[in-house]
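The primary structure of each chain is shown beneath.
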Amino acid sequence: MAEFGFNEHHQNEVINYMRFARSKRVLRLKTIDSCFEELKDSRLVEETFTVDEVREMLDGLQAVVRGEVETELINTAHTNVLLLRQLFSQAEKFYLRLQTDISELENRELLEKVAEFEKTDFKTTNKVNQETSKPKLAPLNEGGVSELLNKEITRLKEENDKLKARLRTLESQAMSALDDKTKAERALKDLQKVRGEQQTAANAQEISSLEDTVTALREDYERSLSATASSQKDLQENLVSAKHDLLRVQEQLALAEKELEKKFQQTAAYRSMKEILTKKNEQIKEIRKRLQRYESDE
């Protein structure tokens, strides 16, 4: 089994599994042989059989053999799952992730090597390997894996020490920063106290100045109100006077229009136009009378 790269311990585990699989296979083959023997003893008691009888016996035998083979295949698959479970459980204890290549399960070259091993090395294996106390897989503690785990543990310890040193440095810096913060807060309070006293005096002076400004603004506003009332009275008087002047102008314009109309009526052009309009009106009346007579005749 050296071509598979197994050490002696793992080789013995493979041999134990193959022995277990062979025993199950032999047991299942005996069961299938018994199915045929039972058919011979129970049905083949006559010398001749019809086609239907032969077909019935073969169908029954097929169903029995199919059930036995299917049961064995299912059991083999479930057994392999339990074997993988043991391997994966031990790997996970060491934080390892195992991977499988399903395509290798149909590698004809490897399958032939396993068959050759079963025919030769498997039969000549030392009998001491058959007396293993319990068929449990030992923890993975071989040189390669153990060395990797030790290196990882050493690396983690070194990293942990670095983090601890970094933590101590940060704690020292934090304490120093806290002291500086306390001193700054104390200085800020003193400064705020002094500034508060100065601000109070400045605020009092500013309030006095604002009061003087408000008083001045109030006096200006009152003077503006009195001036506004006086100017409003003058504007009302001017408005009344303007209205009176407007009425007088309108009356004068009306008189002028009447005078112009009167003078226009006295002109020769007005009289001539009036005569022409009178004649035209008489002609229109005459034409209307003629039309009325024509309409009555019809």
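Draft legend 1. The packing of helix 1 (residues 8-43) against helix 2 (residues 51-93), seen in detail. In contact at an axis separation of 11 Å, helix 1 and helix 2 are set at 165° when each is read in the N-to-C sense. Put simply, helix 1 runs roughly antiparallel to helix 2. Where helix 1 crosses over helix 2, the two elements pack in a sense that is right-handed. Looking at the contact of helix 1 with helix 2, its residues break down into 12 nonpolar, five polar and six charged.

Draft legend 2. Broad picture of unusual backbone geometry. With a phi angle near 60°, Tyr95 is a residue other than glycine that sits in the positive phi range. Position of Tyr95 among the secondary structure elements: in the loop between helix 2 and helix 3 (108-119).

Draft legend 3. Geometry of the pattern of salt bridges. For the structure shown, the criterion picks out nine salt bridges. Across the salt bridge formed by Glu68 and Arg28, the nearest N and O atoms sit 2.6 Å from each other. Taken together, the positions of Glu68 in helix 2 and Arg28 in helix 1 put the pair 40 residues apart, joining distant regions of the chain. Residue Glu72 is joined to Arg28 by a salt bridge in which the shortest nitrogen-to-oxygen separation is 3.1 Å.

Definitions and cut-offs
- Residues numbered from 1 in each chain as written.
- Predicted model: local features only at pLDDT ≥ 70, side-chain atom pairs only at ≥ 80, totals over all residues.
- Heavy atoms only, no water.
- Axes fitted to C-alpha atoms, helices over the stretch in contact; angles between N-to-C directions.
- Helix = DSSP H or I, 4+ residues; strand = E, 2+ residues; numbered from the N terminus.
- Parallel < 35°, antiparallel > 145°, perpendicular 65-115°, else oblique.
- Left-handed = near helix turned anticlockwise from the far one by under 90°.
- Nonpolar A, V, L, I, M, F, W, Y, C, P; charged D, E, K, R; others polar.
- Salt bridge = Lys/Arg side-chain N within 4 Å of Asp/Glu carboxyl O.

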